[in-house]
Amino acid sequence: MGLKRRTREEIRNLLTNIVRSKLREYKPETNYMPFHYRLLGRDRYAMFSFIQSMNTTFGISIWEQVAVILAKSAGFKAERQYDLLGSIDSETEKLIQTIHYELRAGTRQVDKLEEIKLIRNSIKAGESRKDPDSRVDLFVKIGDEENYFDITSAKPNMKEFSALKLKLLRWTALRLSQDKNAKVFTRLAIPYNPYHPQPYQRWTLKGLYDLDRGEILVGEEFWNFVANDDIYDELLDVFQEAGNELREEIDKKFAEFRKRSD
């Protein structure tokens, strides 16, 4: 079926509006960096600084907003920056720590469904309150399955992967503390595969995540999942279209810096 025309326009408008807002507000760093300027030129350094700022914007909001647009277009309930309220009793906290430790130590075989079952059997009903791990990047409800995503950078290190796994386990417990029968699935999303065309096979994934059950979705797996369709290539085309529309405005902005540095 592919992307609907309205969905394409909504995503393209989102991207162009974000970049134009960045261009309007952007001011190059005021720090005096004579070696960088002499080696690279002020205009090139200004462009580098702008791209770094855009990378932050991708991580903070673009991925989440695009995912919500796609999910809603597919007829799903979706929300970004979702607060997952609940409370975890001490016994379940201990269980989660044990699961997490054993996975890291390699003494437990990863099995997402078994982990959910253990937490479901342990959790006690608790207050609906905020927890340090309450904030979820993306919530998508597909039928009766509640999917809670942490959208992370393309190359997390071992420490980051380990901390994210603990967060996913705690999200499961928070939700089940409010409804023990909830069909909950917590996931890690990586927006693109930096190793393309090779598969995403970082050694840091080994033993922590249930890859067979989609606990981690990378690149097109993630985007096709939230859109419930094979739309990845079309989505890249939309980004290309937005880039083509913006190219002249971006070039003009940084031509101004070039003139100042001459």
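Okay, so let's go over this structure. All values reported here derive from a predicted model rather than from experimental measurement.

## Side note on the sheet that holds strand β1 (residues 77-83)
Link 1 in the chain: Spatial ordering of the open sheet is given by β1-β2-β3-β4-β5, a layout of five strands whose pairing is mixed. A single partner strand is all that each edge strand has here, and the edge strands are β1 and β5 (216-218). Across this sheet, the average inter-strand angle for adjacent strands is 30°, counted without regard to direction.
Link 2 in the chain: Summarising the sheet, β1 and strand β2 (residues 135-142) pair through six bridges and their orientation is antiparallel. Within β2, the residue paired with Ala78 across the bridge is Val140.
Link 3 in the chain: Here helix α7 (residues 220-227) sits on the sheet in contact with β2, β3 (145-151), β4 (183-190) and β5, set at roughly 105° to β5.

## Brief notes about the side chain of Lys112
Link 1 in the chain: As for its placement among the helices and strands, Lys112 is situated in helix α5 (residues 112-122).
Link 2 in the chain: In terms of polar contacts, Lys112 uses its side chain to reach the side chain of Glu215, at 3.0 Å.
Link 3 in the chain: Residues contacting Lys112, with those up to four places away along its chain left out, are Leu168, Phe185, Thr186, Asp210, Arg213 and Glu215.

## A look at the nonpolar core
Generally speaking, nonpolar side chains in soluble globular proteins are found buried as a group.
Link 1 in the chain: By size, the foremost hydrophobic cluster in this structure holds 39 residues, and its most contacted members are Leu70, Leu138, Phe222, Trp223 and Val226.
Link 2 in the chain: Counting residues per element, the ones that place at least two in this core are α1 (5-25), α3 (42-73), β2, β3, α7 and α8 (232-261).
Link 3 in the chain: If one sorts the elements of this core by residue count, α3 sits on top with eleven residues.
Link 4 in the chain: Here Trp223 is in contact with Trp63, Val66, Ala67, Leu70, Pro191, Ile231, Tyr232 and Leu235, once residues within four sequence places are set aside.
Link 5 in the chain: In this structure, Val110, Phe139, Tyr148 and Ile190 belong to the second largest nonpolar core, which totals 31 residues.

## Focus: the packing of helix α4 (residues 90-105) against helix α6 (residues 158-176)
Link 1 in the chain: The geometry of α4 relative to α6 is characterised by a closest axis approach of 10 Å and an angle of 145° between their N-to-C directions. You can see that α4 and α6 cross each other, and the crossing is right-handed. On α6, the residues that touch Thr92, Glu93, Ile96, Gln97, Ile99, His100, Leu103 and Arg104 of α4 are Ser162, Lys165, Leu166, Leu169, Arg170 and Ala173.

## Here we look at α3
Link 1 in the chain: Over its 32 residues, α3 extends 43 Å from the first C-alpha to the last, a length consistent with the 46 Å expected when each residue adds 1.5 Å.
Link 2 in the chain: The sharpest bend along α3 measures roughly 55° and falls at Phe58.
Link 3 in the chain: Gly75, located one to two residues past α3, shows a positive phi value of around 90°.

## Structural notes on the packing of aromatic side chains
Link 1 in the chain: Going through the model one piece at a time under the given rule, you end up with twelve aromatic pairs.
Link 2 in the chain: Between Phe161 and Tyr209 the ring centres are 5.8 Å apart and the planes differ by 65°, which places this aromatic pair in the edge-to-face class. Residue Phe161 is found in helix α6, and its partner Tyr209 is found in the loop between β4 and β5; the two are separated by 48 residues along the sequence. Judged on exposure class, the residue Phe161 and its partner Tyr209 are both buried.
Link 3 in the chain: A connected cluster of aromatic rings, assembled from ring pairs, spans Phe58, Trp63, Phe149, Tyr192, Phe222, Trp223, Phe225 and Phe239.
Link 4 in the chain: The positively charged end of Lys112 is found above the aromatic ring belonging to Phe185, 5.4 Å away from the centroid.
Link 5 in the chain: Just above the ring of Tyr209 sits the side chain of Lys165; from NZ or CZ to the centre is 5.5 Å.

## Things to note about the environment of Thr98
Link 1 in the chain: For Thr98, the position within the fold is in helix α4.
Link 2 in the chain: Linking Thr98 and Arg108, residues ten residues apart in sequence, is a C-alpha distance of 9.8 Å.

Quick notes on the rules
- Residues numbered from 1 in each chain as written.
- Predicted model: local features only at pLDDT ≥ 70, side-chain atom pairs only at ≥ 80, totals over all residues.
- Heavy atoms only, no water.
- Pairing = 2+ DSSP bridges.
- Helix = DSSP H or I, 4+ residues; strand = E, 2+ residues; numbered from the N terminus.
- Axes fitted to C-alpha atoms, helices over the stretch in contact; angles between N-to-C directions.
- Contact = heavy atoms within 4.5 Å.
- Polar contact = N/O pair within 3.5 Å; in protein donor to acceptor, adjacent residues only side chain to side chain.
- Core = buried A, V, L, I, M, F, W, Y, C linked by side-chain atoms within 4.5 Å.
- Buried < 20%, exposed > 50% of the residue type's maximum accessible area, 1.4 Å probe, protein only.
- Left-handed = near helix turned anticlockwise from the far one by under 90°.
- Expected span 1.5 Å × (residues − 1).
- Bend = angle between axes of the 7 residues up to and from the residue.
- Phe/Tyr/Trp six-rings, centres within 6.5 Å; stacked < 30°, edge-to-face > 60°.
- Lys NZ or Arg CZ within 6 Å of the ring centre and 35° of its normal.

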